[in-house]
Amino acid sequence: MSRSAQSTRRARQPRPLPMRDGVGASCVALPPGPWATVLDFLCERFAMVARQDWCERMAAGRVVDGAGHPLTPGRAYEKDLRVWYYREWPDEPRIPFEERIVFQDELLVVADKPHFLPVTPSGRHVRETLLARLKRRLGLDTLVPIHRIDRETAGLVVFSLQPATRGAYQRLFEQRAVAKCYEAVVHWPPPRPLPAVHRSRLMPVFMRSEEVPGEPNSETAIELLDAGERFARLALAPRTGRKHQLRAHCHALGMPIVGDGIYPVLRPEGADDFDRPLQLLARELAFTDPVTGQARRFASHRALMPVR
């Protein structure tokens, strides 16, 4: 099933818990298993949450079934039961940078994301995400991103407002019908002449993507915009959408992006340095609107470090 079809299916599912602080409730369908109670399953599945914490959430009515009925600690385990709950991270740190809305109409919202802010809830980031911030700011529970950029990357992210038209926009990205232009500041000079196009086979290895022998599955067009003695500014146009593609390609060419905490050396989790963001920016997006037929073009207002 495609991402657009999955999104439409999720949009039709009733949500028995309302949005809270910009964050919608999560759902888990109980698989076959030996657990005596729903609580036993939750404690094993989400081991980072203490049993007492789950009991308190249940007592407060924050864990319910698909009909919205609160679940109790003694509720017997039932295969295929859908359990709805809120993701909670009481000590979630504030990301000290602000997003900016560059466009909004009845169909789309286009946001200019700062560095370090995730697009959607993941891990320890729940309320401090672009999606949650925009939902709080705009009061739009139907807001859904139709593509992603890395947490460390700044720049443009497009959101759909209407479930009925969301699939059409997601298919644009799935079918590579969106022209994307990124800007990056890289270490300079590279050991070899800069190619106009770099193609390679990228495969996931732990938290990274690495180039391996074989048929290329990734392609990036590269243009030199400006160069100094130590750094250069590049325009990067990805023609495929592999994980970390631009970061991995720049690293493979011997010119890693300045501030990269993964390439060439993996930085420990939680070691963000707000004074040294990844110098990668989703600068421009352009496409023909599948609903209105309009030519859409959006540009980020952010700037990377100067080249010297």
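In this text the structure is predicted, and so the values were computed from the model without any measurement.

1. Re a nonpolar patch on the surface
Consideration 1: A cluster of nonpolar side chains, Val205, Phe206, Met207 and Leu266, forms an exposed patch at the surface whose accessible area comes to about 390 Å².
Consideration 2: Along the chain, Phe206 turns up in the loop between β9 (197–205) and β10 (208–212).
Consideration 3: Judged by relative accessible area, which is 70%, Phe206 ranks as exposed.

2. With respect to the pattern of salt bridges
Consideration 1: This structure, assessed with the given rule, holds 26 salt bridges.
Consideration 2: Here Arg136 makes a salt bridge to Glu128, at a shortest N to O gap of 4.0 Å.
Consideration 3: Since its relative accessible area comes to 32%, Arg136 is described here as partly exposed.
Consideration 4: Residue class for Glu128 comes out buried when judged on its relative accessible area of 7%.
Consideration 5: Among the ionic pairs, Glu210 bridges to Arg208, the shortest N-O distance being 3.6 Å.
Consideration 6: Looking at Glu210, the relative accessible area reads 32%, which means it is partly exposed.
Consideration 7: A cluster of three or more residues bridged by salt bridges with shared partners is formed by Arg94, Glu98, Glu99, Glu128, Arg133, Arg136 and Arg137.

3. Some words on the nonpolar core
Consideration 1: Of all hydrophobic cores here, the largest spans 30 residues; its most connected members are Phe159, Val186, Leu236 and Leu280.
Consideration 2: Taken together, the elements giving at least two residues each to this core come down to β5 (108–113), α4 (130–138), β7 (154–160), β8 (179–187), β12 (231–238), α6 (245–252) and β13 (280–288).
Consideration 3: Aside from chain neighbours lying at most four places away, what touches Val186 is Arg230, Phe231, Ala232, Leu234, Cys250, Met255, Pro256, Ile257 and Val258.
Consideration 4: Ranked by size, the runner-up nonpolar core spans 18 residues in total, among them Val28, Phe41, Met58 and Tyr85.

4. Some thoughts on the packing of helix α2 (residues 38–45) against helix α3 (residues 51–59)
Consideration 1: Two elements in contact, α2 and α3, have axes separated by 10 Å at closest approach and are oriented at 130°. Between α2 and α3, the angle falls in the class oblique. Remark: the crossing between α2 and α3 carries right-handed chirality. The segment α2 lies against α3, with Leu39, Asp40, Leu42 and Cys43 engaging Arg51, Trp54, Cys55 and Met58.
Consideration 2: Partitioning the contact of α2 with α3 into residue classes produces six nonpolar, no polar and two charged.

5. Topic: the side chain of Ser160
Consideration 1: When you line up the elements, Ser160 lands in strand β7.
Consideration 2: Polar contacts involving the side chain of Ser160 include one to the main-chain carbonyl oxygen of Gln162, which spans 3.4 Å.
Consideration 3: If we skip the residues at most four places from it in the chain, Ser160 touches Leu107, Leu108, Thr142, Leu143, Val144, Ile146 and Arg166.

6. Looking at the pairing of β10
Consideration 1: Where β9 and β10 come together, five bridges link them in antiparallel fashion. Bridge assignment links Pro204 to a residue of β10, and that residue is Ser209.
Consideration 2: Hairpin geometry of β9 and β10 is characterised by an intervening segment of two residues between the two adjacent antiparallel strands and by a positive phi of about 55° at Phe206.

7. What to know about the sheet that holds strand β2 (residues 63–65)
Consideration 1: Strand order across the open sheet formed by three strands is β1-β3-β2, with antiparallel pairing between neighbours. Only two strands of the sheet have a single neighbouring strand rather than two, namely β1 (26–29) and β2. When strand polarity is set aside, the average angle formed by the axes of neighbouring strands in this sheet is 25°.
Consideration 2: Two strands pair when backbone bridges link them, and β2 and strand β3 (residues 82–85) are joined in this way by three bridges, in the antiparallel orientation. Paired with Val64 across the bridge in β3 is Trp84.

8. What to know about the state of the cysteines
Consideration 1: Within this structure, the stated rule accounts for zero disulfides.
Consideration 2: Left without a disulfide partner, Cys27 is nearest to the cysteine sulfur of Cys43, which lies 18 Å away.
Consideration 3: In this structure Cys27 comes out as partly exposed when scored by relative accessible area, which is 30%.
Consideration 4: This cysteine, Cys43, is not joined by any disulfide, and Cys55 carries the nearest cysteine sulfur, 6.8 Å off.
Consideration 5: Assessed through its relative accessible area of 17%, Cys43 is described here as buried.

Cut-offs and rules
Residues numbered from 1 in each chain as written. Predicted model: local features only at pLDDT ≥ 70, side-chain atom pairs only at ≥ 80, totals over all residues. Heavy atoms only, no water. Patch = residues over 30% accessible without salt bridge, like charges linked within 9 Å, V, L, I, M, F, W, Y side chains within 5 Å. Areas by Shrake-Rupley, 256 points an atom, 1.4 Å probe, with all protein chains shown as cover. Salt bridge = Lys/Arg side-chain N within 4 Å of Asp/Glu carboxyl O. Helix = DSSP H or I, 4+ residues; strand = E, 2+ residues; numbered from the N terminus. Buried < 20%, exposed > 50% of the residue type's maximum accessible area, 1.4 Å probe, protein only. Core = buried A, V, L, I, M, F, W, Y, C linked by side-chain atoms within 4.5 Å. Contact = heavy atoms within 4.5 Å. Axes fitted to C-alpha atoms, helices over the stretch in contact; angles between N-to-C directions. Parallel < 35°, antiparallel > 145°, perpendicular 65-115°, else oblique. Left-handed = near helix turned anticlockwise from the far one by under 90°. Nonpolar A, V, L, I, M, F, W, Y, C, P; charged D, E, K, R; others polar. Polar contact = N/O pair within 3.5 Å; in protein donor to acceptor, adjacent residues only side chain to side chain. Pairing = 2+ DSSP bridges. Disulfide = S-S within 2.5 Å.

Treat this as a map of the structure, not an account of what it does.
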